[in-house]
Structure formats: C-alpha cells, structure tokens
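Observations on chain architecture
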Amino acid sequence: MTSAHSPHAELVGALYRDHRTWLLAWLQRSTACRQRAEDLSQDTFVRLLGRERLDAPREPRAFLVAVAKGLLFDHFRRAALEQAYLAELALLPEAEHPSPEQQHLILEDLKAIDRLLGKLSSKARAAFLYNRLDGLGHAEIAERLGVSVSRVRQYLAQGLRQCYVALYGEPT
C-alpha cells in the first residue's frame, strides 16, 4: 500500500495532524534543540510511513514517544560515535589528518556500519566490537559473554556480514 490515499497513509496523516505539535514539544524538551527536535519529529512520521503494516494505536502519544525514543537513542549513539572519531583524530599529527571531505566520508561510513551493527543482537554486537576494536580472541570473548567459542564465531560472521552490507550493499 504505497498509495498516498491508503488507509496506512491516512492513519499517519491523522497522527501527524493530531499529535505533531505535542511530539515536537516533547522532543524539544528531550534534546534542548529546536532544529534537532524538528528533524526527529519528521523522522518519526517518515518511519511510520515506511512500515509495511500499521494499526491505529490505542495510546497514540505513547506510541509516538516509543518510536521517537528509538530515533533519539540512535541520534545520541551516533553523536557519541562521531565524538569518539574526532577525539581519535585529534591524537594524530596534523599532517596525517584526512581532508575534510575524507573525514565526512569516513563519518558517513562509520554511521552506516553503526546502523547495521545496531541490527545485531547485543551479544553479537559486543563480540564483534570486542574482536575488532579491542583485539580480543574468540576464547576471551566467549568467556566475557558466557557463550561458546563457536557461538562467538557466528557472532563475528554476523558482524562482518553487516559491515559488508554497509560498504557494498546486499550480496546478490
């Protein structure tokens, strides 16, 4: 149902008309930034439009807050990722800094990888990050996560697949 006049689009339109101002105020209190709140409010409704199925929520505001909180969490996680990258960049000699264009591309790649790693289970994500960022071996990761070494291998394969998808798209 991609028609602009589908029941799905009409439901999102009604939610938008009835609750957008309220959601925007809630987001502005949460972010302390009107522009960020505007963006997150729009993203909330765009996310709803992108759903294959959407039933009328019993509690529309609670429903919208749940969707917006997920987007807000993603925003703060990506902002922390960007700050970590910039902090590491500051440690490099200036002559080794990538150009502003390269920095932008690197940040976009990091954000894409972060989005895709966000689709993994918490243990798979932790295993992948322990391995790639902290250099831990399979046995040490298995001990930390309380899983088998073979499970760690599966987690790492899932993480590598997500990175592949981030960089090259879905395999055909």
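This is a predicted model, so every value here is computed, not measured. (Residues numbered from 1 in each chain as written. Predicted model: local features only at pLDDT ≥ 70, side-chain atom pairs only at ≥ 80, totals over all residues. Heavy atoms only, no water.)

What follows concerns the pattern of salt bridges. Here the structure, examined in full by the defined rule, presents six salt bridges. Between Glu38 and Arg34 there is a salt bridge whose closest N-O contact spans 3.2 Å. A residue pair is termed a helical-turn pair when its members lie 3 or 4 positions apart in one helix, as Glu38 and Arg34 do in helix H2 (residues 34-50) at four residues. Residue Arg34 is classed as partly exposed on the basis of its relative accessible area of 45%. Residue Lys111 pairs with Glu82 through a salt bridge whose shortest N-O separation is 3.5 Å. In this pair, Lys111 is assigned in helix H4 (residues 100-117) and Glu82 in helix H3 (residues 60-91), connecting sequence segments 29 residues apart. Here Glu82 falls in the partly exposed class, since its relative accessible area comes to 26%. Beyond isolated ion pairs, a larger network of salt bridges with shared partners links Arg20, Arg34 and Glu38. (Salt bridge = Lys/Arg side-chain N within 4 Å of Asp/Glu carboxyl O. Helix = DSSP H or I, 4+ residues; strand = E, 2+ residues; numbered from the N terminus. Buried < 20%, exposed > 50% of the residue type's maximum accessible area, 1.4 Å probe, protein only.)

So, on to helix H6 (residues 138-145). Every buried residue belonging to H6 is among Ile141, Ala142 and Leu145, and all of these are buried. For H6, the angular spread of the buried residues around the axis is 100 degrees, confining them to a single face. Exposed side chains of H6 directed beyond 90 degrees from the buried face belong to Ala139 and Glu143. Along its buried surface, H6 packs onto helix H5 (122-134) and helix H7 (149-168). Of the residues one or two after H6, Gly146 is the one with positive phi, at around 70 degrees. (Arc of directions from axis to C-beta. Contact = heavy atoms within 4.5 Å.)

Below, the discussion takes up the environment of Trp26. Mapped onto the elements of the fold, Trp26 is located in helix H1 (residues 7-31). Once the C-alpha coordinates of Trp26 and Gly137 are considered, the two residues, 111 residues apart in sequence, prove to be 44 Å apart. Those residues within four positions of Trp26 in sequence are excluded, and the remaining contacts are Val65, Ala68, Lys69 and Leu72.

Before going further, it helps to examine the packing of H2 against H3. Following both chains from N to C, one finds H2 and H3 inclined at 120 degrees, their axes separated by 9 Å at the closest point. One way to sum up the angle between H2 and H3 is to call them oblique. As H2 runs across H3, the sense of the crossing is right-handed. Of the residues in H3, those touching H2 at Arg36, Leu40, Asp43, Thr44, Phe45, Arg47 and Leu48 are Phe63, Leu64, Val67, Ala68, Leu71, Leu72, Asp74 and His75. Counted by class, the contact of H2 with H3 contains nine nonpolar, two polar and four charged residues. (Axes fitted to C-alpha atoms, helices over the stretch in contact; angles between N-to-C directions. Parallel < 35°, antiparallel > 145°, perpendicular 65-115°, else oblique. Left-handed = near helix turned anticlockwise from the far one by under 90°. Nonpolar A, V, L, I, M, F, W, Y, C, P; charged D, E, K, R; others polar.)

With 97% of its residues at a pLDDT of at least 70, the protein chain reaches an overall mean of 89. At the level of individual helices and strands, the protein chain shows its lowest average pLDDT in H4, which scores 85, and its highest in H6, which scores 96. (pLDDT = per-residue confidence, 0-100.)

Right, let's talk about the packing of aromatic side chains for a bit. Note on aromatic pairs: each is described by the distance of the centres and the angle between the planes. Across all of its chains, the model carries two aromatic pairs by this definition. With 5.1 Å between their ring centres and 50 degrees between their planes, Tyr164 and Tyr168 make a pair best called tilted. Placement of both Tyr164 and Tyr168 in helix H7 is noted, with a separation of four residues, approximately one turn of the helix. Its guanidinium or amino end placed over the ring of Tyr130, Arg144 lies 5.0 Å from that ring's centre, counting from NZ or CZ. (Phe/Tyr/Trp six-rings, centres within 6.5 Å; stacked < 30°, edge-to-face > 60°. Lys NZ or Arg CZ within 6 Å of the ring centre and 35° of its normal.)

The subject of this paragraph is H5. Residues three or four positions apart in an α-helix share a direction because the helix packs 3.6 residues into each turn. Every buried residue of H5 is listed here: Ala124, Ala127, Phe128 and Asn131. Projected onto a plane normal to the axis of H5, the buried residues spread over an arc of 95 degrees and lie on a single side. Away from its buried face, by an angle of more than 90 degrees, H5 presents the exposed residues Ser122 and Leu133. Those residues of H5 hidden inside the fold are in contact with H4, H6 and H7. Phi turns positive one or two residues past the end of H5, at Gly135, with a value near 70 degrees.

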